[in-house]
Structure formats: C-alpha cells, structure tokens
Amino acid sequence: MSLLRCDTLEMDPARFIVQRAGRQIVLGTTEFALLELFLRNPGRTFTREEILTQLPGTATSGPEAVTACIHRLRVKVDVPFRVRLIHTVRGVGYRLSSSPT
C-alpha cells in the first residue's frame, strides 16, 4: 500500500505511521482512522453523521465523539505547524486540505 499525503503530512496505513514535516505523530486508533478517511478523500467535506458511520466504534457515540476526535487530531496534526490542514466548513462538517478554501 502506498503512502497517503497532504502537504507535509504523510501516512503509511500499512505500518500505522503518521508524520508531518519529518516529525512522527502518535495517534490513537480512531484518530488514525479519521485521518486516513480524510487523506483518502482530499478536499472532500464530511458531515459529522458521515464520519460517525465511517469510523469504527463511533456509530453509537454521537456527534460529540466526532467533535472530540477532530479536536484531538487538530492538536496533534495542526497545532505544532504553521499551515493548518483540518478545516471546519461551517454548518456542514470537516475536511482535510492544504488550502483553507
């Protein structure tokens, strides 16, 4: 399986490795699955409901679980870096993109 990329973010799904700008990022299982969903669908906006149906173990958790997972992912993937990759599309959901629009 090949690497998935967006800007300086890279994921090797086969080896469960994520790094950005050469720095390894440790993710939990749900965070990894969410990031993989985003990386496999670059630029696509996902609603909370779509994310709930796609991620293992979250279908019965509700939208708050998605919000919490997005927050944890942002802290690990975006906060330490100048360019933000995870974007909120107001009233719709979330997407991964190297550009805010």
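To be clear, the structure that these remarks concern was listed above.
The shown structure was predicted, so the numbers you read here are calculated from the model rather than taken from an experiment. (Residues numbered from 1 in each chain as written. Predicted model: local features only at pLDDT ≥ 70, side-chain atom pairs only at ≥ 80, totals over all residues. Heavy atoms only, no water.)

Visitor: How do you make sense of the nonpolar core when you look at a structure like this?
Guide: Note on soluble globular proteins: their nonpolar side chains tend to be buried together. Core analysis: the largest hydrophobic core is formed by 27 residues, its most contacted members being Leu34, Leu35 and Ile51. Every element with two or more residues in this core is listed here: β1 (4–6), β2 (9–12), α1 (29–40), α2 (48–54), α3 (63–77) and β6 (93–96). It is α1 that provides the largest number of residues to this core, a total of seven residues. Every residue in contact with Leu35, bar those within four places of it in the chain, is listed here: Leu9, Met11, Val18, Leu27, Leu73, Val77 and Leu96. (Core = buried A, V, L, I, M, F, W, Y, C linked by side-chain atoms within 4.5 Å. Buried < 20%, exposed > 50% of the residue type's maximum accessible area, 1.4 Å probe, protein only. Helix = DSSP H or I, 4+ residues; strand = E, 2+ residues; numbered from the N terminus. Contact = heavy atoms within 4.5 Å.)

Visitor: Any chance you could explain unusual backbone geometry here in plain terms?
Guide: Glycine aside, a negative phi is what most residues show, and trans is what most peptide bonds show. If you check the backbone angles, Phe16 has positive phi at about 55° while not being a glycine. Relative to the assigned elements, Phe16 resides in the loop between β2 and β3 (17–20). For Phe16, a relative accessible area of 41% gives the class partly exposed. Notably, Ala21 is not glycine yet its phi reads approximately 50°, a positive angle.

Visitor: For this particular structure, what's the right way to read the environment of Arg44?
Guide: Residue position: Arg44 is located in the loop between α1 and α2. For the pair Arg44 and Phe16, spaced 28 residues apart in sequence, the C-alpha to C-alpha distance is 23 Å. Not counting residues within four places of it along the chain, the set of residues in contact with Arg44 comprises Glu50, Tyr94 and Arg95. Polar side-chain contacts of Arg44 include one of 2.9 Å to the side chain of Glu50. (Polar contact = N/O pair within 3.5 Å; in protein donor to acceptor, adjacent residues only side chain to side chain.)

Visitor: Can you walk me through the pairing of strand β5 (residues 86–89) in this structure?
Guide: Here is the key point about a regular strand: its side chains alternate between the two faces of the sheet. Where β5 and β6 come together, four bridges link them in antiparallel fashion. Bridge pairing links Ile86 to Leu96 in β6. Linking β5 to β6, which pair antiparallel, is a turn of three residues; within it Gly91 sits at a positive phi near 75°. (Pairing = 2+ DSSP bridges.)

Visitor: It is not clear to me how the pattern of salt bridges should be interpreted in this structure. Could you clarify?
Guide: Should the charged atoms of two oppositely charged side chains come close, the side chains can pair. Tallied over the entire structure, the rule returns seven salt bridges. Arg20 serves as the salt-bridge partner of Asp78, at 3.3 Å between the closest nitrogen and oxygen. Of this pair, Asp78 sits in the loop between α3 and β5 while Arg20 sits in strand β3, and the two are 58 residues apart along the sequence. Of the residues examined, Asp78 reaches a relative accessible area of 2% and is grouped as buried. (Salt bridge = Lys/Arg side-chain N within 4 Å of Asp/Glu carboxyl O.)

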